[in-house]
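Listed below are the residues making up each chain.
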Amino acid sequence: MELQNDLLLRTAKGEKTERTPVWLMRQAGRILPEYRAVRDSVSGFIELAQTPELAAEVTIQPVDLLGVDAAIIFSDILVIPEAMGLPYEMVEKKGPWFPNTVKSESDLKKLRIADGANDLSYVIKAIEITKKNLAGRVPLIGFAGAPWTIFAYMVEGSGSKTFSNARQMLYTNPSFSHKLLQMITDSTINYLKAQIAAGADLVQVFDSWAGILGPKQYAEFSLQYISQICNAISEVPKTVFAKGAFFAREEMGRLNCETIGLDWNMGIEESRKLIGSNKTLQGNLDPAALYGNPDQVRKATNEMMEQFKGSRHIANLGHGVYPDINPEMVKVFIQTVKDFK
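A short tour of the structure in this document, coming up. All values reported here derive from a predicted model rather than from experimental measurement. (Residues numbered from 1 in each chain as written. Predicted model: local features only at pLDDT ≥ 70, side-chain atom pairs only at ≥ 80, totals over all residues. Heavy atoms only, no water.)

### Focus: the side chain of Asp69
Relative to the helices and strands, Asp69 is located in the loop between helix H4 (52–65) and strand S1 (71–72). A polar contact is formed between the side chain of Asp69 and the side chain of Asn5, at a distance of 2.9 Å. The contact partners of Asp69, leaving out residues within four places of it in the chain, are Asn5, Leu7, Leu8, Arg19, Thr20, Pro21, Val22, Val138, Pro139 and Lys338. (Helix = DSSP H or I, 4+ residues; strand = E, 2+ residues; numbered from the N terminus. Polar contact = N/O pair within 3.5 Å; in protein donor to acceptor, adjacent residues only side chain to side chain. Contact = heavy atoms within 4.5 Å.)

Have a look at this one:
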């Protein structure tokens, strides 16, 4: 199906565009009362994500309500461990929790490499429904978590400020760590390819916990696996977003992907020098800037846009939009990007 708005894809590929495309990480979510109404109709986040018709509905809401230039499928990075045989629960106000964790070779034997299409059929179905209902208005982004971030949850069992158990494993049992990371990587490649076959126009890899590793460990236990994923996928453009990995920007410039996402702590000019001119940069307004009034939001957005001016850029925040931000200020951000000359 021909896209009516292909700004995101053209920008990712480095082609000339009339204006900068804009979307937001976590745009399908708690900032929208319409999302909360759908979520309240089911038992919680996981049931919503596993009900394709509802997942498609909340994926499309930001396109209709906010005017973004792309939809991103409503799902969660932790569907991969579940598909591999390690189920999780979403605890209200606490986040994800794994009743069982992976700690030994015997635990590895209980896991499988997910095939994507069958093990995660509800996400694939949601993508198919979303594509049909979008009817070519904007591109659809598919996504997955980076292997290190998924590994961190599978070993730790929940969110953590330090992920000390997961990091301990890298030091004390590197061979086990590499085996699990490879299984996650193979599962993720299968999953992203299934998303693309179902209609995803671009895919993004989220390394949410990149910044808790040091440079040497990041190169060994994260970047090489992200590189495998990038090399395995040639069907659509790829974006890599590694929060906190400011030390790896030069290496990211060498990844086989089109776009590198920046968090709000990464200087734009410095990032462009380190990453190089042959990549599109995505980001990177501090989400907290959207707590301001309309004039303050416009000022912060225009200051960001000025710094990216003249280079390949997809406008976004430097992380996901916070749940208590006023949707009207999100609209101001989006409109300011669209109006920027």
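Past the structure itself, the notes keep going.
### So, the pairing of strand S8 (residues 280–285)
The buried fraction of S8 is high, at 6 of 6 residues. One ladder, built from 3 bridges, connects strand S7 (residues 259–261) with S8; its direction is parallel. Bridging across to S8, Thr259 finds its partner in Thr280. This β-α-β element, S8 to helix H14 (residues 294–308) to strand S9 (residues 313–317), shows right-handed connectivity. (Buried < 20%, exposed > 50% of the residue type's maximum accessible area, 1.4 Å probe, protein only. Pairing = 2+ DSSP bridges. Right-handed = clockwise from strand over helix to strand, strands pointing away.)

### Some thoughts on the layout of surface pockets
Approximately 1,400 Å³ is the volume found for the largest pocket. In terms of lining residues, the largest pocket is bounded by 44 residues, among which Arg26, Arg30, Asp76, Met90 and His319 are the most central. Among the secondary structure elements, those contributing two or more residues to the lining of the largest pocket are helix H2 (33–40), strand S2 (89–91) and strand S3 (95–97). Within the lining of the largest pocket, the residues separate by chemical class into 24 nonpolar, 11 polar and 9 charged. Looking at the second largest pocket, its volume works out to about 420 Å³. Forming the walls of the second largest pocket are 19 residues, and the residues nearest its centre are Thr17, Arg19, Thr20, Gly310 and Ser311. (1 Å grid on protein atoms, 1.4 Å probe; cavity = no way out; pocket = protein on both sides within 12 Å on 5 of 7 lines; lining within 4 Å. Points joined across faces, edges and corners; volume = space filled by probe spheres on them. Nonpolar A, V, L, I, M, F, W, Y, C, P; charged D, E, K, R; others polar.)

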